[in-house]
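# Residue-level structure breakdown
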Amino acid sequence: MAAPQDVHVRICNQEIVKFDLEVKALIQDIRDCSGPLSALTELNTKVKEKFQQLRHRIQDLEQLAKEQDKESEKQLLLQEVENHKKQMLRKTTKESLAETSSTITESLMGISRMMAQQVQQSEEAMQSLVTSSRTILDANEEFKSMSGTIQLGRKLITKYNRRELTDKLLIFLALALFLATVLYIVKKRLFPFL
């Protein structure tokens, strides 16, 4: 029958292997993750949790190693603890790389949002220019039609002025003819002998 210490060591080793595999799987998931940012952040959080659990198990194994009665078993377990610590150190580097890639992804998404805003502002400016251009063209067309109307008005005024002069001349001639007729009639009636 195995000693309780051996059972604890075996359980601790199994949990270390389990957490190690879970961390590897999560790191692979981070590499394969194409977004969104919330999914990447969630994966990073899970990796940190698993690392914390892995650290605790390695510390437990180290404590169990120190409690071993036989020096050979103690050294063997301490060597195993060192190996686990080295592997964890390599994975910590991967974790920091994953975190860095998450930060870079967040920055890129921020830049993408800023570019989308710039594009939208450019579209609004372009729309404003199109509207202004249309207004200017409409004003130009109106100016052309008003210019035609003004020229027509000028011609009509010139014609009216000529007609007014002609009318004045005709009225003057009619008045002169009327006066001459009145004088003739008065002369014939008052001075028939002349």
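Computed from a prediction, not measured in an experiment: that's the story for all the values here.

Rules and cut-offs
- Residues numbered from 1 in each chain as written.
- Predicted model: local features only at pLDDT ≥ 70, side-chain atom pairs only at ≥ 80, totals over all residues.
- Heavy atoms only, no water.
- Helix = DSSP H or I, 4+ residues; strand = E, 2+ residues; numbered from the N terminus.
- Contact = heavy atoms within 4.5 Å.
- Areas by Shrake-Rupley, 256 points an atom, 1.4 Å probe, with all protein chains shown as cover.
- Core = buried A, V, L, I, M, F, W, Y, C linked by side-chain atoms within 4.5 Å.
- Buried < 20%, exposed > 50% of the residue type's maximum accessible area, 1.4 Å probe, protein only.
- UniProt positions renumbered as here; feature names shortened; annotations may be inferred.
- Salt bridge = Lys/Arg side-chain N within 4 Å of Asp/Glu carboxyl O.
- Patch = residues over 30% accessible without salt bridge, like charges linked within 9 Å, V, L, I, M, F, W, Y side chains within 5 Å.
- Lys, Arg positive; Asp, Glu negative; His and termini not counted.
- Charge placed at Lys NZ, Arg CZ, Asp CG, Glu CD.

### With respect to the overall build of the protein
Across its full length, the protein holds three helices and zero strands. Of the regular secondary structure in the protein, the N- to C-terminal order runs α-α-α. Counting contacts in the protein only where the partners sit at least 6 residues apart, residues at least 24 apart contribute 69% of the total. Total accessible area on the protein is roughly 15300 Å²; 61% of this is exposed by carbon and sulfur atoms.

### Section: the nonpolar core
By size, the foremost hydrophobic cluster in this structure holds 20 residues, and its most contacted members are Ile16, Leu54, Ile58 and Leu61. When contributions to this core are tallied by element, the ones reaching two or more residues are helix H1 (4-32), helix H2 (37-66) and helix H3 (71-190). Residue contributions to this core peak at nine residues, all from H2. Once residues within four sequence positions are removed from consideration, Leu61 is found in contact with Val9, Cys12, Asn13, Ile16, Leu77, Glu80, Val81 and His84.

### Focus on the environment of Leu40
Structurally, Leu40 is set in helix H2. For the pair Leu40 and Ile30, spaced 10 residues apart in sequence, the C-alpha separation works out to 6.5 Å.

### Observations regarding the environment of Lys50
Within the secondary structure, Lys50 is located in helix H2. Sequence separation between Lys50 and Val23 is 27 residues, and the spatial gap between their C-alpha atoms is 6.2 Å. Setting aside chain neighbours within four positions, we find Lys50 in contact with Phe19, Glu22, Val23 and Leu26.

### So, the UniProt feature "transmembrane region" (unreviewed entry) in the protein
The UniProt record annotates "transmembrane region" (unreviewed entry) at residues 169-186. End-to-end, the C-alpha atoms of residues 169-186 are 25 Å apart, and along that stretch the chain is 100% helix and 0% strand.

### Some thoughts on the pattern of salt bridges
Within this structure, the stated rule accounts for five salt bridges. Among the ionic pairs, Lys24 bridges to Asp20, the shortest N-O distance being 3.5 Å. Within this pair, Lys24 and its partner Asp20 are both found in helix H1, separated by four residues, close to a single helical turn. Judged by relative accessible area, Lys24 falls into the partly exposed class, the value being 45%.

### Side note on a positive patch on the surface
Judged by side-chain charge, Lys155, Lys159, Arg162 and Arg163 come together as a positively charged surface patch. With respect to the helices, strands and loops of the structure, Arg162 is situated in helix H3. By relative accessible area, Arg162 is classed as exposed at 55%.

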